[in-house]
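Overview (structure and organization)
So the chains spell out like this:
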Amino acid sequence: IVVNKPVGYVSTLKDPQERPVVTDLLDRITTRVFPVGRLDYDAEGLLLLTNDGELAYRLQHPRYKISRTYEVKIKDIPSADELSSLRKGVRLEDGITLPAKVTLLKKAMKNCWLKITIYEGRNRQVKRMCAAIGHPVIKLKRVRFGPLSLGSLLRGQYRHIAEGEVRKLYSLVSL
(Lines give C-alpha, C1' and ligand atoms only; values in the text may rest on other atoms or scores of the structure.)
Protein backbone atom coordinates (compact mmCIF):
# COMPACT_ATOMS: atom_id res chain seq x y z
CA ILE A 1 0.00 0.00 0.00
CA VAL A 2 1.23 3.50 -0.80
CA VAL A 3 0.16 6.23 1.63
CA ASN A 4 0.56 9.96 1.17
CA LYS A 5 1.59 10.58 4.77
CA PRO A 6 0.64 14.01 6.05
CA VAL A 7 2.74 16.01 8.51
CA GLY A 8 1.68 15.12 12.05
CA TYR A 9 1.74 11.33 11.73
CA VAL A 10 4.50 8.99 12.81
CA SER A 11 5.78 6.13 10.65
CA THR A 12 5.27 3.41 13.21
CA LEU A 13 2.50 1.11 14.39
CA LYS A 14 2.35 2.36 17.98
CA ASP A 15 3.61 5.63 19.44
CA PRO A 16 4.42 5.93 23.16
CA GLN A 17 3.58 9.65 22.94
CA GLU A 18 0.15 8.71 21.52
CA ARG A 19 0.56 10.75 18.33
CA PRO A 20 -1.37 9.63 15.24
CA VAL A 21 0.28 6.71 13.40
CA VAL A 22 0.22 6.09 9.65
CA THR A 23 -1.97 3.02 9.96
CA ASP A 24 -4.70 5.29 11.39
CA LEU A 25 -5.13 6.44 7.78
CA LEU A 26 -5.91 2.92 6.53
CA ASP A 27 -9.65 2.58 6.96
CA ARG A 28 -11.04 -0.70 5.60
CA ILE A 29 -7.61 -2.43 5.69
CA THR A 30 -7.77 -5.53 7.88
CA THR A 31 -4.39 -7.06 7.00
CA ARG A 32 -1.55 -6.10 9.34
CA VAL A 33 0.91 -3.94 7.42
CA PHE A 34 3.94 -1.96 8.56
CA PRO A 35 5.98 0.92 7.11
CA VAL A 36 8.99 0.34 4.89
CA GLY A 37 11.39 2.89 6.33
CA ARG A 38 10.30 6.13 7.89
CA LEU A 39 9.25 9.67 7.23
CA ASP A 40 9.72 12.05 10.14
CA TYR A 41 6.74 13.46 12.02
CA ASP A 42 7.28 16.81 10.26
CA ALA A 43 7.76 15.28 6.79
CA GLU A 44 5.13 14.21 4.30
CA GLY A 45 4.75 12.15 1.19
CA LEU A 46 5.06 8.62 -0.13
CA LEU A 47 5.32 5.88 2.44
CA LEU A 48 5.14 2.22 1.44
CA LEU A 49 3.44 -0.22 3.80
CA THR A 50 3.60 -3.99 3.39
CA ASN A 51 3.04 -7.28 5.15
CA ASP A 52 6.15 -8.83 3.53
CA GLY A 53 9.04 -8.62 6.00
CA GLU A 54 11.74 -9.86 3.61
CA LEU A 55 10.73 -7.35 0.94
CA ALA A 56 10.69 -4.52 3.51
CA TYR A 57 14.13 -5.50 4.80
CA ARG A 58 15.67 -5.58 1.33
CA LEU A 59 14.02 -2.34 0.17
CA GLN A 60 15.60 -0.58 3.16
CA HIS A 61 19.02 -2.26 2.92
CA PRO A 62 21.74 0.03 1.48
CA ARG A 63 23.09 -2.84 -0.65
CA TYR A 64 20.15 -2.51 -3.07
CA LYS A 65 20.48 1.29 -3.50
CA ILE A 66 16.72 1.86 -3.89
CA SER A 67 16.13 5.44 -5.00
CA ARG A 68 14.11 7.87 -2.91
CA THR A 69 13.16 11.22 -4.40
CA TYR A 70 12.20 14.25 -2.34
CA GLU A 71 11.02 17.77 -3.00
CA VAL A 72 12.76 19.85 -0.37
CA LYS A 73 12.31 23.48 0.62
CA ILE A 74 15.54 24.79 2.14
CA LYS A 75 16.63 28.04 3.74
CA ASP A 76 18.42 30.46 1.39
CA ILE A 77 19.76 29.68 -2.09
CA PRO A 78 22.69 27.24 -2.31
CA SER A 79 25.71 28.10 -4.42
CA ALA A 80 26.80 25.96 -7.37
CA ASP A 81 29.58 24.54 -5.14
CA GLU A 82 27.09 23.59 -2.42
CA LEU A 83 24.84 21.83 -4.95
CA SER A 84 27.93 20.09 -6.31
CA SER A 85 28.72 18.85 -2.79
CA LEU A 86 25.29 17.23 -2.57
CA ARG A 87 25.81 15.63 -5.98
CA LYS A 88 29.23 14.22 -5.05
CA GLY A 89 28.41 13.07 -1.52
CA VAL A 90 28.37 14.93 1.77
CA ARG A 91 30.39 14.06 4.87
CA LEU A 92 28.05 13.30 7.77
CA GLU A 93 28.89 11.98 11.24
CA ASP A 94 28.14 8.44 10.02
CA GLY A 95 30.23 8.70 6.84
CA ILE A 96 30.08 10.19 3.37
CA THR A 97 26.75 9.83 1.56
CA LEU A 98 26.47 8.28 -1.85
CA PRO A 99 26.22 10.82 -4.67
CA ALA A 100 22.74 12.31 -5.05
CA LYS A 101 20.85 13.67 -8.03
CA VAL A 102 19.98 17.30 -7.30
CA THR A 103 17.89 19.72 -9.34
CA LEU A 104 17.03 23.29 -8.41
CA LEU A 105 13.26 23.49 -8.90
CA LYS A 106 12.35 27.02 -7.83
CA LYS A 107 13.98 30.06 -6.19
CA ALA A 108 12.34 32.55 -3.87
CA MET A 109 13.79 35.50 -1.97
CA LYS A 110 14.80 33.62 1.17
CA ASN A 111 14.55 29.97 0.22
CA CYS A 112 14.33 27.55 -2.65
CA TRP A 113 12.98 24.14 -3.65
CA LEU A 114 15.26 21.28 -4.64
CA LYS A 115 14.50 17.85 -6.03
CA ILE A 116 16.89 15.39 -4.39
CA THR A 117 17.23 11.69 -5.18
CA ILE A 118 19.27 9.57 -2.80
CA TYR A 119 20.19 5.88 -2.97
CA GLU A 120 20.47 4.94 0.68
CA GLY A 121 18.06 5.49 3.54
CA ARG A 122 20.03 6.79 6.49
CA ASN A 123 18.17 8.32 9.39
CA ARG A 124 17.07 11.88 8.49
CA GLN A 125 19.56 11.79 5.62
CA VAL A 126 18.22 14.57 3.39
CA LYS A 127 17.82 16.94 6.35
CA ARG A 128 21.36 16.20 7.51
CA MET A 129 22.80 16.60 4.00
CA CYS A 130 21.18 20.01 3.56
CA ALA A 131 22.25 21.12 7.04
CA ALA A 132 25.82 20.01 6.24
CA ILE A 133 25.98 22.50 3.35
CA GLY A 134 24.46 25.25 5.50
CA HIS A 135 20.86 25.18 4.24
CA PRO A 136 18.45 23.68 6.79
CA VAL A 137 15.30 21.98 5.51
CA ILE A 138 12.06 23.90 5.98
CA LYS A 139 9.77 21.36 4.31
CA LEU A 140 10.33 17.82 3.02
CA LYS A 141 8.09 15.69 0.84
CA ARG A 142 8.95 12.25 -0.57
CA VAL A 143 7.48 11.98 -4.05
CA ARG A 144 9.04 8.70 -5.21
CA PHE A 145 10.32 5.44 -3.74
CA GLY A 146 11.96 3.17 -6.32
CA PRO A 147 9.40 2.68 -9.11
CA LEU A 148 6.50 4.00 -6.99
CA SER A 149 5.41 7.62 -7.29
CA LEU A 150 3.00 9.71 -5.30
CA GLY A 151 1.23 10.90 -8.44
CA SER A 152 -2.10 12.55 -7.69
CA LEU A 153 -2.66 10.78 -4.38
CA LEU A 154 -3.95 13.39 -1.93
CA ARG A 155 -2.56 13.89 1.60
CA GLY A 156 -3.91 11.24 3.94
CA GLN A 157 -5.07 8.97 1.12
CA TYR A 158 -3.72 5.55 0.21
CA ARG A 159 -3.85 3.13 -2.69
CA HIS A 160 -3.03 -0.51 -3.22
CA ILE A 161 -0.08 -0.86 -5.53
CA ALA A 162 -0.68 -2.59 -8.84
CA GLU A 163 0.56 -6.10 -9.53
CA GLY A 164 3.12 -4.75 -12.00
CA GLU A 165 4.48 -2.37 -9.35
CA VAL A 166 4.80 -5.28 -6.90
CA ARG A 167 6.77 -7.26 -9.51
CA LYS A 168 9.10 -4.27 -10.06
CA LEU A 169 9.77 -4.00 -6.32
CA TYR A 170 10.57 -7.70 -6.10
CA SER A 171 12.85 -7.55 -9.12
CA LEU A 172 14.77 -4.57 -7.65
CA VAL A 173 15.76 -6.67 -4.65
CA SER A 174 16.06 -10.07 -6.36
CA LEU A 175 13.12 -11.77 -4.68
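Residues numbered from 1 in each chain as written. Predicted model: local features only at pLDDT ≥ 70, side-chain atom pairs only at ≥ 80, totals over all residues. Heavy atoms only, no water.

1. Digging into the side chain of Thr-97
Defined as follows: A helix here means a DSSP run of H or I that spans at least four residues, while a strand means a run of E at least two residues long, and both kinds are numbered starting from the N terminus. Only protein chains enter the accessibility calculation, which uses a 1.4 Å probe. A residue is then buried if its area is under 20% of the maximum for its type, exposed if over 50%, and partly exposed in between. Any pair of nitrogen or oxygen atoms within 3.5 Å is treated as a polar contact; in protein, a donor-acceptor pairing is required on top of that, and neighbouring residues in sequence qualify only through side-chain atoms on both sides. Working rule for contacts: check all heavy atoms of both residues, and any pair within 4.5 Å makes them a contact.
Counting through the fold element by element, Thr-97 comes out in the loop between β6 (95-96) and β7 (101-107). A relative accessible area of 3% means that Thr-97 is categorised as buried. Within the structure, the side chain of Thr-97 is placed 2.9 Å from the backbone nitrogen of Val-90, a separation counted as a polar contact. In contact with Thr-97, other than residues within four places in its own chain, are Lys-88, Gly-89, Val-90, Leu-92, Glu-120, Arg-122, Gln-125 and Met-129.

2. Side note on unusual backbone geometry
The backbone of Glu-18 sits at a positive phi, close to 60 degrees, despite the residue not being glycine. For Glu-18, the location among the structural elements is in the loop between β1 (2-5) and β2 (34-35). Overall, Glu-18 belongs to the exposed group, its relative accessible area being 75%. Its identity is not glycine, yet Lys-65 carries a phi of approximately 50 degrees, on the positive side.

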